Amino acid sequence: MVVASASAIRTKKTRAVGVPTIDLSLENKELLIKQIVSACEEYGFFKVTNHGVPREIISRLEDEGVDFFDKPVREKQRAGPACPLGYGSRNIGFNGDSGELEYLLLHANPTSIAERSKTISNDPLKFSRAANDYVHAVRGLTCEILDLAAEGLGVRDRFVFSRLIRDVHSDSILRLNHYPPVEDWDPHNSRVGFGDHSDPQILTLLRSNNVGGFQIRLNDGLWVPVPPDPTGFYVLVGDALQVLTNGRFRSVRHRAITNSLNSRMSMVYFGAPPLDAWITSLPETVSLQRPSLYMPFTWGEYKKAVYSLRLGESRLDLFKIRPGDKTGL
Ligand SMILES: C=C1C[C@]23C[C@@]1(O)CC[C@H]2[C@@]12CC[C@H](O)[C@@](C)(C(=O)O1)[C@H]2[C@@H]3C(=O)O
Ligand SMILES: O=C(O)CCC(=O)C(=O)O
Ligand SMILES: [Fe+2]
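Residues numbered from 1 in each chain as written. Chains lettered and ligands numbered in written order. Predicted model: local features only at pLDDT ≥ 70, side-chain atom pairs only at ≥ 80, totals over all residues.

## Considerations on the overall build of the protein
Alright, step 1. Within the protein, the secondary structure is distributed over 8 helices and 15 strands.
Alright, step 2. A compact globule built from 329 residues would reach a C-alpha radius of gyration of about 20 Å, and the protein, at 19 Å, matches this within 12%.
Alright, step 3. Overall, the C-alpha framework of the protein stretches about 60 × 45 × 40 Å when taken along its three principal axes.
Alright, step 4. Out of the 329 residues belonging to the protein, those deemed buried represent 41%.
Alright, step 5. Excluding contacts between residues fewer than 6 apart, the proportion of contacts in the protein whose partners are at least 24 apart in sequence is 74%. (Helix = DSSP H or I, 4+ residues; strand = E, 2+ residues; numbered from the N terminus. Rg over C-alpha atoms; globule rule 2.2 N^0.38 Å. Buried ≥ 20, exposed ≤ 12 C-beta atoms within 10 Å, placed from the backbone. Contact = placed C-beta atoms within 7 Å.)

This is the structure:
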């Protein structure tokens, strides 16, 4: 890969911090809920172990991803250009962002996956099955985590978050990212694979092979390298969940850097609502002392804003209620 020096980044300002890890097989439900809520509040990020997603389901999609990214460029381009869905290389979004990666971006519904798989694989049915089984399993896990979080927040309707993702019209997506190996390894010359951003959706479930590169940003601006763990899932609070919880949960800023002689592949599921769903602070998170921080918007409106801005921009600022604005309270 040709590497523009402008994409080189300094990794000095990082801090080694233990990644909050939650064992989902914990029998003490109250403690489990407490751990989830505090990780969502403090970091907007945690790792889950004993998550129940069968290894076989993960490996099948991983193998499909490896086979796809191994293909000659011309063949991969049959699945592109990413608009925003499909195969993309280096370009991210429509506003000039780029990174040292190639990717497949798919709508997570079976019809869309079946259609797309025709340009992705020589055995479309095999690819579709692998992707659909994976989506089904990680959606289940996403919903389980969201239900526990809702319970911890004391929300009356325990399924208020997961219902949005289980909806047949849910706008959830699946992304496979491939970060090619660097040819000239230099510990002081990491490059941007996927730049600093927060995910716009409700909740993200990310896993990768055993190659590092994923980092989260703490509130004080320091970057924390997250050690890879192919057996676990990383859970990221997205912007929509930040709004739904009136800022109690924080969407986490993160990025992927590349500096390895081995290629890295991540599989990312973004749990999202239907386009016409309203995203607004749940009544249980609003009070006179803590009025609503954001104006209500539909997921479709938010997505439009997301795609009109650069990767690193804080799109939620556009929907912040400023003092003096008329609110529901
Ligand atoms: C530059 C962009 C790519 C992105 C849409 C955006 O305009 C800003 C957010 C980006 C992001 C980050 C999380 C997900 O990977 C993604 C699919 C999403 O929903 O928002 C990407 C978008 C993309 O790559 O199309
Ligand atoms: O590939 C990764 O590790 C991070 C990718 C990411 O943040 C994204 O696709 O939104
Ligand atoms: Fe992301």
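On we go from here.
## Details of the site of ligand 2
Alright, step 1. Taken together, the residues surrounding ligand 2 are Arg175, Asn177, Phe194, Asp199, Leu206, Ser208, Phe214, His254, Ala256, Ser266 and Val268.
Alright, step 2. Contributions of two or more residues to the shell around ligand 2 are made by β6 (173-179), β8 (203-208), β12 (253-258) and β13 (264-271). (Near = placed C-beta within 6 Å.)

## Side note on helix α2 (residues 55-70)
Alright, step 1. The end-to-end C-alpha distance of α2 is 22 Å, a good match for the 22 Å that 16 residues give at a rise of 1.5 Å each.
Alright, step 2. Within α2, the full set of buried residues consists of Ile58, Leu61, Glu62, Glu64, Gly65 and Phe68. In an axial view of α2, the angular spread of the buried residues amounts to 160°, which keeps them on one side of the axis. Every exposed residue of α2 that faces more than 90 degrees away from the buried side is listed here: Arg55, Glu56, Ser59, Asp63 and Asp70. (Expected span 1.5 Å × (residues − 1). Arc of directions from axis to C-beta.)

## Looking at the sheet that holds β13
Alright, step 1. Spatially, β2-β3-β11-β8-β13-β6-β5-β4 is the arrangement adopted by the 8 strands of the open sheet, whose pairing is mixed. Every other strand in the sheet has two partners, leaving β2 (21-23) and β4 (86-92) as the edge strands with one partner each. Shown here is a sheet whose adjacent strand axes are inclined to one another by a mean of 25°, direction ignored.
Alright, step 2. With 6 bridges joining them, β4 and strand β5 (residues 97-107) adopt antiparallel strand pairing. Across the sheet, tyrosine 87 pairs through a bridge with leucine 104, a residue of β5.
Alright, step 3. Of the strands in this sheet, β2, β3 (45-49) and β11 (233-237) are in contact with helix α1 (residues 29-42), which crosses β2 at around 160°. (Pairing = 2+ DSSP bridges. Axes fitted to C-alpha atoms, helices over the stretch in contact; angles between N-to-C directions.)

## A few points about the site of ligand 1
Alright, step 1. Taken together, 17 residues lie around ligand 1, and Pro84, Gly93, Asp97, Asp199 and Leu311 are the ones closest in.
Alright, step 2. Residue assignment for the shell around ligand 1 shows that the elements contributing at least two residues are β5, β6 and α8 (299-308).
Alright, step 3. Its residues assigned to classes, the shell around ligand 1 comprises 10 nonpolar, 3 polar and 4 charged. (Nonpolar A, V, L, I, M, F, W, Y, C, P; charged D, E, K, R; others polar.)

## Remarks on the packing of α1 against helix α5 (residues 124-153)
Two packed helices can be described by the angle between their axes and the distance between those axes.
Alright, step 1. Following both chains from N to C, one finds α1 and α5 inclined at 90°, their axes separated by 9 Å at the closest point. When the axes of α1 and α5 are compared, the pair comes out roughly perpendicular. Facing α1, whose interface residues are Leu32, Ile33, Lys34, Ile36, Val37 and Cys40, α5 presents Ile145, Leu148, Ala149, Glu151, Gly152 and Leu153.
Alright, step 2. Per-class residue counts for the contact of α1 with α5 are 9 nonpolar, 1 polar and 2 charged. (Parallel < 35°, antiparallel > 145°, perpendicular 65-115°, else oblique.)

## Considerations on the confidence of the model for the protein
Alright, step 1. Residues of the protein with pLDDT of at least 70 account for 94%, and the chain-wide mean is 93.
Alright, step 2. Overall, residues 1-12 carries pLDDT values under 50, and its contacts beyond four positions in sequence, including any with other chains, amount to 15 contacts.
Alright, step 3. Both confidence scores are given for the complex: pTM 0.95, ipTM 0.99. (pLDDT = per-residue confidence, 0-100.)

## Concerning the nonpolar core
Alright, step 1. Ranked by size, the top nonpolar core spans 78 residues in total, and within it Phe45, Leu104, Ala131, Ala149 and Val235 carry the most contacts.
Alright, step 2. In terms of residues, this core owes the most to one element, α5, which gives 13 residues. (Core = buried A, V, L, I, M, F, W, Y, C linked by C-beta atoms within 7 Å.)

## Re the packing of α2 against α5
Alright, step 1. At their nearest, the axes of α2 and α5 sit 9 Å apart, and the two run at 135° to each other. With respect to each other, α2 and α5 are oriented oblique. Relative to α5, α2 is oriented so that their crossing is left-handed. In this structure, α2 uses Ile57, Arg60, Leu61 and Glu64 to contact α5, whose residues at the interface are Phe127, Ala130, Ala131, Asp133, Tyr134 and Ala137.
Alright, step 2. Residue composition of the contact of α2 with α5, grouped by class: 7 nonpolar, no polar and 3 charged. (Left-handed = near helix turned anticlockwise from the far one by under 90°.)

## Let's talk about the pairing of strand β9 (residues 214-217)
Alright, step 1. Note that β9 and β12 share 4 bridges and pair antiparallel. Each bridged residue has a counterpart across the sheet, and for phenylalanine 214 the counterpart in β12 is alanine 256.
Alright, step 2. As defined by bridge partners, β9 adjoins strand β10 (residues 223-225) across 3 bridges and the pair is classed as antiparallel. Each bridged residue has a counterpart across the sheet, and for arginine 217 the counterpart in β10 is tryptophan 223.
Alright, step 3. Between β9 and the antiparallel strand that follows it, β10, lie 5 residues; glycine 221 among them carries a positive phi value of about 95°.

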